[in-house]
Structure formats: C-alpha cells, structure tokens
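Structure at a glance
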Amino acid sequence: MGAVQSSARNVVLASKTYRDLKDQLKALVKRLDSEPGLPSADPTRAYWKQDPPFPDLVHLKMMPPSNQTEIAIIGSGITAAAIAWSYLDECRRSGNWRQIVVFECRDLAGGATSRNGGHLKIVPHQQFDELRRSHGGTRAAAIIRFQLSHIKMLMELCNENNWDMAECREVETVDYFLTDEERDNAFAKVDAIQRYIPELRYTKFDAEEVQEKFPVTSHVKGALSYNAGAIHPYRFVSCVWNQLCREYKHVLYIRTNAPVISVRTLRRRSYAYEILVDELGNRTWECNHIVHATNAFATQLVPGLRGRMTGVLGTVSMMRPSKLYGASDPMNSWHICYGHASDYAVQRLTDGVQGDVILGGGFPRSEGQDATTLGVWDESRLDTLLSACLRGILHTVFRDP
C-alpha cells in the first residue's frame, strides 16, 4: 500500500512540475516579445562604481552649441566609448570633424559595463567547437584568433596611456570540472582546436593532478589552464571618456541622466532623425546617425529587434578574501564548469594584500533554472537562489590551504 501511495505522489509531483514548466515557458515567450522600458531608476548597487576615479564625469552634463549633431550615441558604456574613440580618432586622422552627443539614461557607464565580472575571457575550445559546426574549422580558428587579440590590444591601450587604475592584466585562468564526463569532453575539444591553432597553449590536469596542483576538494575531477585577462571595467571606461573629453572637448558632448524616450525619422529636413530626450521637460535633438549602445535595452527604441534580443538577469557578487583564498593570486581566474553553464571568479589587483574576489554566473541555479532570468531587464532585482549558489560555490570547490 505504501508503494502505491508513493507512486501516486510521484505522479502528482511530476504533473505539477510539467504544469510549472509550461507556465514558465509561456511567461518567457511573452517577456521575450515585450517592451523593456527604460533602465531602472533604482538599480542594485554596482560594486565597480565605488570610488569613481573621475568624480566630475559621473553626472556630466555638457551643453553643445545647438540641438543638432552629426552622431548621437545612446548609452555610455564600453560599446559607446569604443565607438566614440574610433570615430574621433578617424576624424583627427582625416581632419574632417563631426560632432558627437552622448545620451546616458543614468550616470556615466551605469549599465552592464559597471555590472559585469571583470573577465577578459572566452573559452576558446568551447567556442571553436560551436563555430566549427557552422563556419568550418579554418574560419572558426580565424574568429577565435580575432577574439583573443582583444586581450592584447586592451593591455597595450592601458599601458600606452598609463591607465594603471584599470587593472588590465593577463591572467592564468583555470577551468574546473565537477564530473569525469565534462572533463573528458573539454579535453577532446582542446585537442581539436590545437590542430587549427597550435600556438594556443593549454595544460590538462586529471583528477589526481588537479588535487596536487590546486587547493580544491575532491568534488573537482579535472582542470584546464590557459591564458586570459582581467580588468576593472568601470575604471577602464572612465579612463577612455576622461581622455576623450580632454582631447575632443570641441566636438564631444556627454549628457548623463538624459533618457531617450523616442526616435523618429524626419522627412525633407536637414537632419535624418529626431530624438526626444526626457530632461528638464522633453527636449528634441536632431542628428544624421544614431548608435544604439544600450545592450538589450536597444529593443525599446528599435521594436524590430524584440524577440531577437533580450535582457538577462545576471548576478555578479563580491566576497572579501579569507583564508579560503590564501593560495589564490590576482594573476589567476577560475571557472567552475557544470553541464552547459559555469560560475566564474577573479581576484582584484591590490598592493600587498588579498584583493576582493568577484564572482558571477549561477544561471541554472536560479528559481526557474534559467527560464526566470531570461527576458528580464529590471536591474533592481536579485534572484535569491542564484545568489545563494554563488555564495556557496567557492567554499564547496576550494579547500582550506
């Protein structure tokens, strides 16, 4: 009789799980096609924005000569800074100057740029495996080489401009695997990519070797180490904007706390577009080119992208170092790989003391196992289960030295 009752309970639980998954899928599809709205006016506190290096830039409100400009950039994060840097450098080279006005909804670089993990990292073997299926081995290798070149270029840029505060550096990154199957699959992908990119150096560690080399628990069944990078994203972008504002103050104007409400095409006018900005009463601007450097919020002003681009409720946290990380090094970073996901951590550069540990990931451990984190633009929210996973993962994987 007990077995029959137990089976009945299992059927009921399975049925409930199915209904819950179905409801989550319906809600997800609805969110993916929805209007994101403007970024939250009260987002969670961004760790990287503590002690801004250039306080005068945080709420910058530069006034151009008129409400007409050649280029309008919406957003002020790393994408916007890169576009402005490249465009203005070309203007200087050609001697053909064009004005740029940057509109930022909140304070400078207040979006994803100040809310990421500070990693300069791709997983080359994993991405190569995916790219090879659609592009072939030779083309996939070229794409990987291009992606990896960004680390070197960012380091050179920081060195040339003495941006030490950006903490840009090369690190040895270590991917830890929690099952034999995941380790063996990763090792096979490394063998595949090295046939196309032989200069890419990896070190493999099996279950016994990883215990000897790293202070990890028996949960770890193997590891891969290779080169990657790390950076203080907010300080880096602040350095870029600071230099641009000094060198191009006659053609670059940044307006923070200036959310763009709408964009429309102008007919038979001197300029191609009209931008409506919510600042001290609505104000209109005219321009010939618009750059949407707003990450997934671009779908607010470009409705055709809805369903093709969406927000994700990511989580990045900070932990104060303790004896658990006594063997860690700011020239290292870590990934804990499980299934199709991973958690990551990197330690800050500091002078003579252990730096803060920045960690992120945990998507499959969210309340809806990913489904509730997709199609979410609200930066004032936190997922409790995901945060709990991040707080516990390093203590589970690393042992006391």
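Please refer to the structure higher up on the page.
What this report covers is the structure whose coordinates are included nearby. Note that this is a predicted model, so its numbers are computed, not measured. (Residues numbered from 1 in each chain as written. Predicted model: local features only at pLDDT ≥ 70, side-chain atom pairs only at ≥ 80, totals over all residues. Heavy atoms only, no water.)

Our focus in this paragraph is the overall build of the protein chain. If you tally the helices and strands in the protein chain, you get ten helices and 14 strands. By the burial criterion, 47% of the 401 residues in the protein chain qualify as buried. Of the accessible surface of the protein chain, which amounts to about 20,800 Å², a share of 52% is contributed by carbon and sulfur atoms. (Helix = DSSP H or I, 4+ residues; strand = E, 2+ residues; numbered from the N terminus. Buried < 20%, exposed > 50% of the residue type's maximum accessible area, 1.4 Å probe, protein only. Areas by Shrake-Rupley, 256 points an atom, 1.4 Å probe, with all protein chains shown as cover.)

So, on to the nonpolar core. One finds F103, F236, W241, L252, I254 and I275 to be the most contacted residues of the largest nonpolar core, which totals 57 residues. Looking at this core element by element, the count peaks at eight residues for helix α8 (residues 233-247). (Core = buried A, V, L, I, M, F, W, Y, C linked by side-chain atoms within 4.5 Å.)

What holds strands together in a sheet is hydrogen bonding between their backbones, with the strands either parallel or antiparallel. As summarised here, the arrangement of the six strands in space is β7-β2-β1-β10-β9-β8, forming an open sheet in which the pairing is mixed. Two strands close off the open sheet at either side, each with one partner strand: β7 (252-255) and β8 (260-265). The sheet shows a mean angle of 40° between the axes of neighbouring strands, taken without regard to direction. The strands that helix α3 (residues 78-94) touches are β1 (68-74), β2 (100-103), β7 and β10 (282-292); relative to β1, the one it contacts most, it runs at about 145°. Of the strands in this sheet, β2 and β7 touch α8, which is tilted by about 130° from β7. (Pairing = 2+ DSSP bridges. Axes fitted to C-alpha atoms, helices over the stretch in contact; angles between N-to-C directions. Contact = heavy atoms within 4.5 Å.)

The topology assignment puts A186 in helix α6 (residues 180-196). Distance in space between the C-alpha atoms of A186 and Q126 is 7.5 Å, their sequence separation being 60 residues. Setting aside anything within four residues of it in sequence, one finds A186 in contact with H125, F177 and L224.

In the structure shown here, the tally under the stated rule is eleven aromatic pairs. Ring plane angle 70° and centroid distance 5.3 Å describe the contact between F103 and W285, whose orientation is recorded as edge-to-face. With a gap of 182 residues between them, F103 in strand β2 and W285 in strand β10 connect regions that are remote in the sequence. Each member of the pair, F103 as well as W285, carries the same accessibility label: buried. (Phe/Tyr/Trp six-rings, centres within 6.5 Å; stacked < 30°, edge-to-face > 60°.)

Once that is clear, we can look at the pairing of strand β12 (residues 332-338). Taking burial as the measure, the seven residues of β12 include seven buried ones, the bulk of the element. Of the two faces of β12, both are covered, the one formed by N332, W334, I336 and Y338 as well as the one formed by S333, H335 and C337. Examined bridge by bridge, strand β4 (residues 169-177) and β12 share six bridges and lie parallel to one another. Among the inter-strand pairings, Y176 is bridged to a residue of β12, identified as I336. Two strands pair when backbone bridges link them, and β12 and strand β13 (residues 341-347) are joined in this way by six bridges, in the antiparallel orientation. Bridging from a neighbouring strand, H335 pairs with Y344 of β13. Linking two consecutive strands that pair antiparallel, namely β12 and β13, is a turn of two residues; a positive phi of about 60° is found at G339 within it.

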